[in-house]
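Observations on the three-dimensional arrangement
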Amino acid sequence: MTPAPDRTAEELLKGIWRENPIFVQVLGMCPSLAVTNSAVNAVVMGLATLAVLVASSTLVSLLRRFIPAQVRLSTYIVIIATFVTVADMTLQATLPTVHKQLGAFIALIVVNCLILGRQEAFASKHGVKLAIADAIGMGTGFTLALTILGSLREVLGNGSLFGFPLFGDHYEPWVVMILPPGGFIMLGLILMTFNWWKERKQAATAGGAA
Amino acid sequence: MSSGNLRLQVTAAPFAHSPRTTAAIMRDVILALLPAVAAAVWLFGIAAVLVLATAILGAVLTDGVFGRQRWAGLKDGSAVLTGLLLGLTLPPGIPLWMALLGGVVAIGLSKVVWGGLGHNLFNPALIGRAFLQAAFPTVLTSWVAPQPGQLFSLPPTTLSIPLQQSGTDVISAATPLGLAKFQHTLTDTLPLFTGQVAGSLGETSALLLLLGGAFLVWRRALDWRIPVSIFASVALFATLAWLAWPTLPPPQFMLFSGGLVLGAVYMATDPVSSPTTPWGAWIFGAGIGLLVVLIRNWGGLPEGVMYAILLMNAAAPLIERATQPRAFGRDERRIP
């Protein structure tokens, strides 16, 4: 475990943009579609996931030499579930209204394949420092993506952002945007824009090289 | 439609050439809709012109800016037709910015992202309307009473500021279907047939829509089996329901009210999103008719033609697969 140059920064940054869990890996669709009907919900969901991811990655990375390969997935799930319970109770104590709105989706962080995926693909194979960097990067990328999705849906579906009205009192809300179909439509539009932008950049670099 | 297992067959000359182009068919359909458009203008005045023009503008612009072949939908008329059909399904008093948005969604979300003309699973105009209905449920169910001949009457909501609520209340009127569902009042068949009732721009006059449909059948621009099957199916199931529960609306009311004629003749027959096999067309139409009767009689909404067609659109590829005709010279079992 002696990476020649320091890879920490690289592992930290990749999750935010280049390997963004939602926009690039398209992981964790359940929370990203279900709870992004307002920016606040999206941010809280993202932060809760970030906290669980960082804590689980740390523990899994520390225990990686002791976990038998045959039962590793169940071990990861037990570890993740522990931290999800902590996050759930913390939210209930500090932000009861948001906790109520998020409902079962806080508990469902445990089945977010992004978290299990990072344990299996990264934390169980790398040292603590890199594992934490990776978890922070991925968690931040997830939070950012959720915030973008939640903000756009709240702006269109409710005319407000983080609860502050943007278009005056007589905004005509696009009801569909805060309903489940709006989640799919908005995510699809964002993915489309993201891929279009990436393709254009690739085309530009390819054209520059040639 | 079924481009999944498309097989190119190499055969020898001579080949029959069809002079019919997409543009010619689109032109025929637009032509067939003109009487209904004229009726809409007569009944709802300049508001009808504005709504239709804005919906067409939204559709054509989206196709021109985002379409793979830019402005192809304007050249062959397909985007114009989508916008026109969307406009005809909208209530006369709808704010123009919503009509524009509907046109954008109709082409953008239901044609461009699927790959352009000929690749969409659902009828674009109806997707546009379904989006508007889901986004602005109250506006899409507020109706204006028709004012025949008052060409310059303009509902105050038409020109409301984009993104803002259309504050003033419209002189609202209920559609015949709404009256039947919520107040148990039936409208006579004759006004329904000629169209002097409240409703969407293009759904009021069954007579003119049917005339246009007859023109299209004569021009062979549509598969006559689909509308015939829809009407027969609605008549059958509505009669059964009416006989079993006499409080439900009678079949002649079901046939000529709401968007049934518009949907059956112009939307369900969209060659892209309906089955192309003869048996498929019959099954497709029968399914739409059954769904219309179910939604209208027992659903939460007074009208169900839009959802009935969209649901059967989703089933169209399956129907088409199941009804492939036996290839000449092959055995009974279909060889893909």
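Anyway, here's the lowdown on the structure attached to this text. (Residues numbered from 1 in each chain as written. Chains lettered and ligands numbered in written order. Predicted model: local features only at pLDDT ≥ 70, side-chain atom pairs only at ≥ 80, totals over all residues. Heavy atoms only, no water.)

1. Points about empty space enclosed by the protein
All names here are of chain B. The following threshold applies: Buriedness of a pocket was judged along seven lines, with at least five required to meet protein on both sides within 12 Å; pockets are open sets of points on a 1 Å grid over the protein atoms alone, cavities are sets where a 1.4 Å probe fits but cannot get out, and lining residues have an atom within 4 Å of a point. Grid points are joined across faces, edges and corners, and a volume is the space filled by probe spheres set on the points. Under this grouping Gly is polar, as are all residues other than the nonpolar Ala, Val, Leu, Ile, Met, Phe, Trp, Tyr, Cys and Pro and the charged Asp, Glu, Lys and Arg.
Within this structure, the stated rule accounts for one cavity of 30 Å³ or more. The calculated volume of the largest cavity comes to roughly 60 Å³. Taken together, T175, P176, L192, V197, A198, G199, E203, T204, F256, S257 and G258 make up the full set of residues lining the largest cavity. Among the residues making up the lining of the largest cavity, the classes are represented as five nonpolar, five polar and one charged.

2. Remarks on the layout of surface pockets
Our working definition: Strands are runs of DSSP state E lasting at least two residues, helices are runs of H or I lasting at least four, and both sets are numbered from the N terminus onward.
Computed from the structure, the largest pocket encloses a volume of approximately 1200 Å³. Lining the largest pocket we find 36 residues, and of these M192 of chain A together with F66, G108, V112 and V113 of chain B sit closest to its centre. Mapped onto the lining of the largest pocket, the elements with two or more residues apiece are α10 (180–209) of chain A together with α2 (46–66), α3 (72–75) and α5 (96–112) of chain B. The element contributing the most residues to the lining of the largest pocket is α5 of chain B, with eight residues. Tallied by class, residues from the lining of the largest pocket come to 20 nonpolar, 11 polar and five charged.

3. With respect to the packing of helix α1 (residues 22–44) of chain B against α2 of chain B
For any two helices packed against each other, one specifies the crossing angle of their axes together with the interaxial distance. Residues and elements named next belong to chain B. The following threshold applies: As a rule, the C-alpha atoms of each element are fitted with a line to give its axis, helices using only the stretch in contact, and angles between N-to-C directions run from 0 to 180 degrees. Here the angle decides the label: under 35 degrees means roughly parallel, over 145 means roughly antiparallel, 65 to 115 means roughly perpendicular, and every other value means oblique. For this analysis, residues touch if any pair of their heavy atoms sits within 4.5 Å.
In contact at an axis separation of 6 Å, α1 and α2 are set at 130° when each is read in the N-to-C sense. One element, α1, and the other, α2, form an angle in the oblique class. Across from V37, A40, V41 and F44 in α1, the residues of α2 making contact are I46, A47, A48, V49 and L52. Across the contact of α1 with α2, the residue classes tally to nine nonpolar, no polar and no charged.

4. Overview of the environment of I77 of chain A
Examined against the element boundaries, I77 of chain A turns out to sit in helix α4 (residues 72–94). Each residue touching I77 of chain A, except ones within four places of it in the same chain, is listed here: V110 and L116 of chain A.

5. Notes on the interface of chain B and chain A
Using the following cut-off: Once two parts are put together, the accessible area they lose, assessed with a 1.4 Å probe and summed over both, is termed the buried area. Salt bridges, as used here, are contacts in which a Lys or Arg side-chain nitrogen is within 4 Å of a carboxyl oxygen on Asp or Glu. Between N or O atoms, a polar contact is any pair within 3.5 Å; within protein, one atom must be a potential hydrogen donor and the other a potential acceptor, and residues adjacent in sequence are included only when both atoms are from side chains.
Taken together, the contacts link 15 residues of chain B with 12 residues of chain A. For the pairing of chain B and chain A, the buried interface totals around 1200 Å² over both sides, and the portion due to carbon and sulfur atoms is 69%. Our count for the contact surface shared by chain B and chain A stands at zero salt bridges. In this structure, the connection of chain B to chain A is made through two residue pairs in polar contact (both at pLDDT 80 or more). Put simply, the parts of the chain that give the side of chain B that touches chain A at least two residues each are α5 and α6 (124–135) of chain B.

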